[in-house]
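If you want the building blocks of each chain, they are given just below.
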Amino acid sequence: MYSILPAFVSALFLGFGVYVLLTEGVTRLSLPFASMCGTTFVWQGSWAFLFQISDPELAGALVKFGYLFILFLPTTFYHFVIEVAARRSERPWLFASYGLCIALAMGLAVSDEVVAGYGTFFFGKYPRAGLLHPVHVAQTVLLALRCAWLLLAARRQTQAQDRRRLLDLCLLSLCLYGLAATDYAVNYGIAFYPVGAVVIAVSLGILAVTIVRYGLMRPYLLAATVAHEVATPLAAIGMHAEEIGTVLPELMRGYQLAVQHQLCVDGLYPGQSERLSSLATSIQRQVDSTSTVVEMSLASFTLDRLDRRSFEACSIRSCVNAALERFPFRPGERELVNVLPIEAQLKFSGSDSLIVFVLFNLLKNALFAIHSGGGGSVEIAATSEGGYCVLRFSDNGPGIGADVLPHIFEPFYSTKSHGKGAGMGLPFCRRVAEALGGAIACESEPNVATTFTLHLPEPGSAADRALHDPAAKARRWPAGQDYTG
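Residues numbered from 1 in each chain as written. Predicted model: local features only at pLDDT ≥ 70, side-chain atom pairs only at ≥ 80, totals over all residues. Heavy atoms only, no water.

Chemist: Before we go on, may I ask you to explain helix α14 (residues 352–372) in this structure?
Modeler: Since the α-helix turns once every 3.6 residues, residues separated by three or four places project in the same direction. Taking 1.5 Å of rise per residue, the 21 residues of α14 would be expected to cover 30 Å, and the 30 Å separating its terminal C-alpha atoms lies within 8% of that figure. Positive phi shows up at G374, right after α14, with a value of about 90°. (Helix = DSSP H or I, 4+ residues; strand = E, 2+ residues; numbered from the N terminus. Expected span 1.5 Å × (residues − 1).)

Chemist: In this structure, what is going on with the nonpolar core? I would like to understand it.
Modeler: Grouped burial of nonpolar side chains is what soluble globular proteins tend to show. Core analysis: the biggest nonpolar cluster contains 49 residues, and W47, Y67, F77, F80, V84 and L151 have the highest contact counts within it. In terms of residue count, helix α4 (residues 73–85) provides more of this core than any other element does, eight residues in total. Discounting residues that sit within four places of it in the chain, L151 has contacts with V81, V84, L167, C170, L171 and L174. (Core = buried A, V, L, I, M, F, W, Y, C linked by side-chain atoms within 4.5 Å. Buried < 20%, exposed > 50% of the residue type's maximum accessible area, 1.4 Å probe, protein only. Contact = heavy atoms within 4.5 Å.)

Chemist: What am I meant to see in the environment of Y193 here?
Modeler: Secondary-structure assignment places Y193 in the loop between α8 (184–187) and α9 (196–214). The sequence separation of Y193 and F123 amounts to 70 residues, and the corresponding C-alpha distance is 6.7 Å.

Chemist: How should the pattern of salt bridges be read in this particular structure?
Modeler: Opposite charge on two side chains allows them to pair when their charged atoms are near. Tallied over the full model, the rule gives seven salt bridges. Measuring nitrogen to oxygen at the nearest pair gives 2.5 Å for the salt bridge that ties D168 to R155. On the criterion of sequence distance, the pair formed by D168 in helix α7 (residues 161–179) and R155 in helix α6 (residues 133–157) is long-range, its members being 13 residues apart. Accessibility expressed as a relative area gives 31% for D168, which makes it partly exposed. Relative accessible area serves as the criterion here: at 26%, R155 is assigned to the partly exposed category. Across the salt bridge formed by R430 and E434, the nearest N and O atoms sit 3.2 Å from each other. Of this pair, R430 and E434 both sit in helix α15 (residues 425–435), four residues apart, roughly one helical turn. (Salt bridge = Lys/Arg side-chain N within 4 Å of Asp/Glu carboxyl O.)

Interpretation note: all reported values are geometric properties and have no functional meaning in isolation.
What follows is the structure in structure tokens.
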């Protein structure tokens, strides 16, 4: 009768793994989860036989075979959490943990140092701890604590409610998983029926539902697919527009000559020929604008997966110049933007492409504001202040009301009419700033000026070093300043 529970749990884990793989497919997240389910399936299946056999040699073989998979279970959980928390910087530690598992597995196979045979209890036979067994126990405890820290750090850094709920469920699963460690006491001779597998079954059941319920990898995969499918026709449209822009002036000159020599009747409306000449430019501007939106949308899904080790020293002046060169200005708009002199050596630590997207959003909002207000201009300036590269982006449009200002960085909050904005531009700017270890704030005086201030850590500064220490986040800003948005 004591074999019924491990046999049932073994089948349950097989179901969990197959369920997630069939629902989500093979992803960086589903693979470690399936590994957890697979290891537990074999471990519990082995115990189902171990609890009821009497042959000493077969019992000894099953003990080692089953424990071989137990050795890898904590590391597969750690692997899963790394993917959930999007902490690629943990991979060296992950590889080291897998390496320790392999070393213990080799010791298990050739000696009794990890598992020294088995003990006989009222429910059947169970592995007895060897001299190296405490190493596995210590590894399990350290990995569980590290997983908790990673999940809590990821929760502190995210604003999305769905992701917070997801991380809360992962934390609950980890806590339940930790209760299964009580089974280790049986390895040291304390006689009680090891029910840790039941707790792990509930733990991984929560994770299985969480993966499918929140579609952890689906938004990223969908964004990547859409970006690829949209980018290809956009590139083709851009090439066609460029060809039209090259050929159309010659065609129009030939048409006008034909009309002058009465070879054909002028069928164009007044002013239509002038509009045709700018047609290619207009198409190209729309293509550039749409391409930027696609790129920014994809970037927004990958912000949580940024590898901070890839950050570089980027020139803020180069970013401003690149944004102004690529932005799809309408006729006369570029002259409304004034850039104050920026020192070439002024740099920040991070990603230049993300800051170009931030500048795109700020430019679009500023130009919309001054057009809706009947006129105005935009001013861009950058300085170095207290270890930060500080970018100030100002316009003298109608400004932002005091009742609106506290909400502008909230997702989907927008005062624009339907079709003019979705309320995602400024939240994206804030996520970028925080991902790079900085912040963005806004000050506005209606009918006077609106200024967005972006703080980005300079390379090698204390703020840049603190970026790798989430506990130091509260110490990044000078006393008396609030950059909560």
